[in-house]
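Letter by letter, the chains look like this.
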Amino acid sequence: MKAVKIAAIALVVYAGIVVAFESLIGVLQPSGGSTLVITTFDASGTPHERVVSRLESDGKLYVAANHWPRAWYRRALANPEVQVTVAGAKRDYTAVPVTGAEHDRVDSDHRVGLGFRFLTGFPPRYFVRLEPRSAGG
């Protein structure tokens, strides 16, 4: 019984660590040379901005949903016409979900460490390829 109690307490403490870490990431929105701002749009057309890590693989631009909070990712799947801001320049892109061998390649090119995975609660990792849209459509 004592072991179950200790395990339950450890699980609650771990869940608290994950929630605290994910909350800080959401509030602090770290940005820098390896990030970009993705603007997604909800069903009513309201824009939502999120700082995400910029990934490149095979000459293409990607972003990853590495955390449990991933509303931006769900909005990008529902409405793939997004905007991306890099170094102050905003451009229109189409968000393309990445699967199969392409997913495996991008994941292999941009591994995340065990410490990061632990702090984020081991969420599944999804990628979106950002395809530039022309000004005319």
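Residues numbered from 1 in each chain as written. Predicted model: local features only at pLDDT ≥ 70, side-chain atom pairs only at ≥ 80, totals over all residues. Heavy atoms only, no water.

Engineer: For helix α3 (residues 100-109), give the residues involved together with the corresponding values.
Structural biologist: Those residues of α3 lying buried are Glu102, His103, Val106 and Asp107. Relative to the axis of α3, the buried residues are bounded by an arc of 130 degrees and lie together on one face. The exposed residues of α3 that point more than 90 degrees off its buried face are Ala101 and Asp104. Looking at the buried positions of α3, the neighbouring elements they touch are β3 (55-57), β4 (60-65) and β7 (126-132). (Buried < 20%, exposed > 50% of the residue type's maximum accessible area, 1.4 Å probe, protein only. Helix = DSSP H or I, 4+ residues; strand = E, 2+ residues; numbered from the N terminus. Arc of directions from axis to C-beta. Contact = heavy atoms within 4.5 Å.)

Engineer: I'd like a rundown of the pattern of salt bridges, residues and numbers included.
Structural biologist: Applying the stated criterion across every chain, the model contains 7 salt bridges. The closest approach of N and O atoms between Arg129 and Glu102, which form a salt bridge, is 2.6 Å. Here Glu102 lies in helix α3 and Arg129 lies in strand β7, a separation of 27 residues in the sequence. Two residues, Asp107 and Arg111, come together in a salt bridge whose shortest N-O distance is 3.2 Å. Owing to a relative accessible area of 18%, Asp107 belongs among the buried residues under this scheme. Given the relative accessible area of 61%, Arg111 is considered exposed. In this structure, a network of salt bridges that share partners links the residues Glu81, Asp92 and Arg133. (Salt bridge = Lys/Arg side-chain N within 4 Å of Asp/Glu carboxyl O.)

Engineer: Tell me about the pairing of β7, and please be specific about residues and values.
Structural biologist: The sheet contact formed by β4 and β7 spans 5 bridges and is antiparallel. Bridge pairing in β7 places Ala65 opposite Tyr126. (Pairing = 2+ DSSP bridges.)

Engineer: Talk me through the side chain of Arg70; I want residue IDs and the actual numbers.
Structural biologist: Positionally, Arg70 belongs in the loop between β4 and α2 (71-78). Taking the relative accessible area as the measure of exposure, Arg70 reaches 8% and is therefore buried. Of the polar contacts made by the side chain of Arg70, one reaches the backbone oxygen of Pro124; its length is 2.9 Å. The residues touching Arg70, leaving out its near neighbours within four places in the chain, are Ala65, Pro123, Pro124 and Tyr126. (Polar contact = N/O pair within 3.5 Å; in protein donor to acceptor, adjacent residues only side chain to side chain.)

Engineer: Could you give an account of the packing of aromatic side chains, with specific residues and numbers?
Structural biologist: Under the counting rule described, the total for this entry stands at 2 aromatic pairs. A ring pair is formed by Trp72 and Tyr73, whose centres lie 5.9 Å apart and whose planes are at 80 degrees; its orientation type is edge-to-face. Take Trp72: its relative accessible area is 5%, and that puts it in the buried class. Aromatic side chains Tyr73 and Tyr126 sit 5.5 Å apart centroid to centroid with 15 degrees between the ring planes, which places their arrangement in the stacked category. Remark: Tyr126 occurs in strand β7 and Tyr73 occurs in helix α2; sequence separation between them is 53 residues. (Phe/Tyr/Trp six-rings, centres within 6.5 Å; stacked < 30°, edge-to-face > 60°.)

Remember that the coordinates give geometry; whether it matters functionally is a separate question.
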